[in-house]
2 protein chains.
Amino acid sequence: MTKTRLEAKQITRRNLIEASLKLSEEDGFATLSLRQVAKEAGITPAAFYRHFKDMDELGLVLVDEVGVRLRQLMRDARKGFDKKKSAVRNSVLTYIDYIVENPQHFRLLMGGNQAGTSAYQKALRNEIDRFIAELTDDLETTSRKMKLPIFHAAFASEAIVAVVFTVGAEALDLPKHRRQALEDRLVVEVNMILNGARIKG
Amino acid sequence: MTKTRLEAKQITRRNLIEASLKLSEEDGFATLSLRQVAKEAGITPAAFYRHFKDMDELGLVLVDEVGVRLRQLMRDARKGFDKKKSAVRNSVLTYIDYIVENPQHFRLLMGGNQAGTSAYQKALRNEIDRFIAELTDDLETTSRKMKLPIFHAAFASEAIVAVVFTVGAEALDLPKHRRQALEDRLVVEVNMILNGARIKG
DNA sequence: TGTACATCAGTGAACGCGCGTTCACTGATGTAC
DNA sequence: TGTACATCAGTGAACGCGCGTTCACTGATGTAC
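All values derive from a computational prediction rather than experimental measurement. Numbering of residues starts from 1 in each chain and follows the order in which that chain's sequence is written. Note on labels: chains are lettered from A, ligands numbered from 1, in written order. Owing to the predicted nature of the model, reporting of local features is limited to residues with pLDDT of at least 70; listing and counting of side-chain atom pairs is limited to 80 or more, with chain, interface and lining totals taken over all residues. The basis for every side-chain value is the complete set of heavy atoms in the structure, and neither hydrogens nor water enter the calculation.

### Examining the packing of helix 8 (residues 179-197) of chain A against helix 8 (residues 153-172) of chain B
Two elements in contact, helix 8 of chain A and helix 8 of chain B, have axes whose closest approach is 10 Å; the angle formed by their N-to-C orientations is 80 degrees. The angle between helix 8 of chain A and helix 8 of chain B places the two elements in the roughly perpendicular class. For the pair helix 8 of chain A and helix 8 of chain B, contact is made by A:Arg185, A:Val188, A:Glu189 and A:Met192 and by B:Phe155, B:Ala156, B:Glu158 and B:Ala159, respectively. In this classification, the charged set is Asp, Glu, Lys and Arg, the nonpolar set is Ala, Val, Leu, Ile, Met, Phe, Trp, Tyr, Cys and Pro, and all remaining amino acids, among them Gly, are polar. Partitioned by chemical class, the residues of the contact of helix 8 of chain A with helix 8 of chain B number 5 nonpolar, no polar and 3 charged. For helices, the fitted axis covers only the stretch in contact; all axes are lines through C-alpha atoms, and the angles between them, taken along N-to-C directions, range from 0 to 180 degrees. Numbering of helices and strands runs from the N terminus, with a helix taken as a DSSP run of H or I at least four residues long and a strand as a DSSP run of E at least two residues long. The scheme is simple: roughly parallel for angles under 35 degrees, roughly antiparallel for over 145, roughly perpendicular for 65 to 115, oblique for anything else. Two residues qualify as a contact provided that any one of their heavy atoms is within 4.5 Å of a heavy atom in the partner residue.

Here it is in structure tokens:
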């Protein structure tokens, strides 16, 4: 087995990634130290450098992983398996569930808005732009199918993503029983933006 | 003059506040150290404690000061002196101008979303809720005056503040000549939300 | 298969640094008489 | 007004701490013959 050593290295790399996600749950990625992550992953600080140049490089990997996963989730949610609910409500429920179950992922995408280097910032910005682009596509496709014109699909997507991220951040700080109100609010606000986007001018 | 010593103390306190605002311009308040602020204010680290219990207490003062100032500004902007432009465009222009001229203030209100203690978080949350409340009042008053019903004034305000803060964060990272596009975008999105809020359901 | 050498993930000690916090102090300002 | 004492904002040294980074090393895994 010529791969044993390589495999072991990849396991450690995985451990570093999982460790940073776990530790991000508390205060986000920006406040993590290399030593904390190495310790949580079960290696010495010096061994960290066998896998990543610095914390920033690890951060880029995390943003990418989380972005891919969250976009896939939202794509599935929009397809809307539960026909009893609107596509909007379906998506909102899926989204809120996900961020409550995976606060680390969400804090990762939010938190960097402020701290972090410019490379990390750009990666985050890029992920969010992807969300917006996918949503814009979806709105335009749906509009064509439904024969309901939409005048500002791109702007509407930007506004929706802004609202969705804002409400998501609030959801993390609330106890479970108050989440329902947030879901309802988010559904109303998203529909409000969609209605506005269907009006000319 | 029995006040000379007290006055001197208040000047130093002011210096600490101004120093932290100045240093916040770079990366926000969360990344500031007590020693940096003391140095910028021209005192030794130990003297800091004559004025504030810790950085968190200073943070609360800053959030309050900036919040008061920004709310006053937006109140004035909504009154809309420039009658050639819509109230929405007037407010958006004022807002973008302000955050570009005072990035420290804006970073202060944004940045804490992630880092900082719970007391600081709550103060921020509280400031933002005030913005939303004032905007809601304004929307309802205007609605009555114009005899244009509005069905979701509170939700619309939440959505508008979310969008406005998001776009504001983006404005800070852009060169001056690309700001115009952001203003236009913000005007369209805010109007979109207002239009949506005037539709029932 | 067995041996000799190369690779390299992870170790553990050491470094200098900026941090928050404490402490006894100084000396100008303020107060009482 | 003049003197003796109290107050207290600011000083400067010291502390222990966790940080990122470096380095020579170890020893298991991998490779060549």
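### Looking at the protein's contact with DNA strand C
Neighbouring residues are identified by heavy atoms, a residue being near a molecule or strand if any of them is within 4 Å of it. What surrounds DNA strand C is a group of 21 residues, the closest being A:Thr12, A:Arg50, A:His51, B:Ser33 and B:Arg35. At the protein interface, 57% of the atoms of DNA strand C within 4 Å belong to sugar or phosphate. At 2.4 Å, a side-chain N or O of A:Thr12 approaches a phosphate oxygen of DNA strand C. For the surface near DNA strand C, the secondary structure elements donating two or more residues are helix 1 (4-27) of chain A together with helix 1 (4-27), helix 2 (34-41) and helix 3 (45-48) of chain B. Its residues placed into classes, the surface near DNA strand C shows 8 nonpolar, 7 polar and 6 charged. Side-chain atoms alone can form a polar contact between residues adjacent in sequence; in general such a contact is a pair of N or O atoms within 3.5 Å, and within protein one must be able to donate a hydrogen while the other accepts it.

### What about the interface of chain A and chain B?
Counting residues at the interface gives 25 residues for chain A and 25 residues for chain B. Buried surface at the junction of chain A and chain B, summed over both partners, amounts to about 2,300 Å²; 66% is from carbon and sulfur atoms. Here, a salt bridge means any side-chain nitrogen of Lys or Arg that lies within 4 Å of a carboxyl oxygen of Asp or Glu. If you look at where chain A meets chain B, you find 4 salt bridges. Taking the shortest distance from any N to any O, the salt bridge between B:Arg185 and A:Glu158 comes out at 2.7 Å. The interface formed by chain A and chain B holds 4 residue pairs in polar contact (both at pLDDT 80 or more) in total. Among the secondary structure elements, those contributing two or more residues to the side of chain A that touches chain B are helix 5 (103-111), helix 7 (153-172) and helix 8 of chain A. Taken together, the residues that form the side of chain A that touches chain B break down as 11 nonpolar, 7 polar and 7 charged. Buried area: the sum, over both parts, of the accessible surface (1.4 Å probe) that disappears when the two are put together.

### Digging into the environment of A:Arg71
Residue and element names in this part refer to chain A. Tracing the backbone shows Arg71 in helix 3 (residues 55-79). Considered as a pair, Arg71 and Asp129 are 58 residues apart in the sequence and their alpha carbons are 11 Å apart. Not counting chain neighbours up to four residues away, the residues in contact with Arg71 comprise Glu127, Arg130, Phe131 and Glu134.

### Re the relation of the copies chain A and chain B
Superposing the copies works by least squares over the C-alpha atoms of residues that have pLDDT at least 70 in both of them. Here chain A sits on chain B after a turn of 180 degrees about the axis and a move of 0.0 Å along it, with an RMSD of 0.0 Å. Here the symmetry operator amounts to a two-fold rotation axis. If distances are taken from each C-alpha of chain A to the rotation axis, the shortest is found for A:Gly196, at 1.9 Å. Both copies contact each other with a shared surface, as 100% of the interface residues of chain A are interface residues in chain B too.

### Some words on the protein's contact with DNA strand D
Close to DNA strand D lie 21 residues; A:Ser33, A:Arg35, B:Thr12, B:Arg50 and B:His51 are nearest. Within 4 Å of the protein, the atoms of DNA strand D are drawn from sugar and phosphate moieties in a proportion of 56%. In this structure, B:Thr44 approaches DNA strand D through a main-chain N or O atom, which is 2.7 Å from a phosphate oxygen. Elements supplying a minimum of two residues to the surface near DNA strand D: helix 1 and helix 2 (34-41) of chain A together with helix 1 and helix 3 of chain B. Residue classes in the surface near DNA strand D are distributed as 8 nonpolar, 7 polar and 6 charged.

### Structural notes on the pattern of salt bridges
Tallying each qualifying case throughout the model produces 24 salt bridges over all chains. Of the charged contacts, one joins A:Asp184 and A:Arg89 as a salt bridge, the two residues approaching to 3.4 Å between their closest N and O atoms. Linking A:Asp184 in helix 8 with A:Arg89 in helix 4 (residues 87-101), this pair joins segments that are 95 residues apart in sequence. Relative accessible area serves as the criterion here: at 30%, A:Asp184 is assigned to the partly exposed category. The closest approach of N and O atoms between B:Arg71 and B:Glu127, which form a salt bridge, is 2.7 Å. Here B:Glu127 lies in helix 7 (residues 118-146) and B:Arg71 lies in helix 4 (residues 55-79), a separation of 56 residues in the sequence. Through salt bridges with shared partners, a single network forms among A:Arg125, A:Asp129, A:Glu158, B:Glu170, B:Arg185 and B:Glu189. When accessible area is computed with a 1.4 Å probe and restricted to protein chains, residues below 20% of their type maximum are described as buried, those above 50% as exposed, and intermediate ones as partly exposed.

### Topic: the packing of helix 7 of chain A against helix 8 of chain B
For the pair helix 7 of chain A and helix 8 of chain B, interaxial distance at closest approach is 8 Å and the crossing angle is 100 degrees. As judged from the angle between their axes, helix 7 of chain A and helix 8 of chain B are roughly perpendicular. Contact residues: A:Ala159, A:Ala162, A:Val163 and A:Thr166 in helix 7 of chain A; B:Ala159, B:Ala162, B:Val163 and B:Thr166 in helix 8 of chain B. Of the residues in the contact of helix 7 of chain A with helix 8 of chain B, the class split is 6 nonpolar, 2 polar and no charged.

### So, the confidence of the model for chain A
pLDDT gives the predictor's per-residue confidence on a scale running from 0 to 100. Of the residues in chain A, 93% have a pLDDT of 70 or more, and the chain-wide mean is 91. For chain A, per-element mean pLDDT is lowest for helix 5 of chain A, which scores 85, and highest for helix 2 of chain A, which scores 98.

### Considerations on the side chain of A:Glu127
According to the relative accessible area criterion, A:Glu127 is buried, its value standing at 3%. The residues touching A:Glu127, leaving out its near neighbours within four places in the chain, are A:Val63, A:Asp64, A:Gly67, A:Val68 and A:Arg71.

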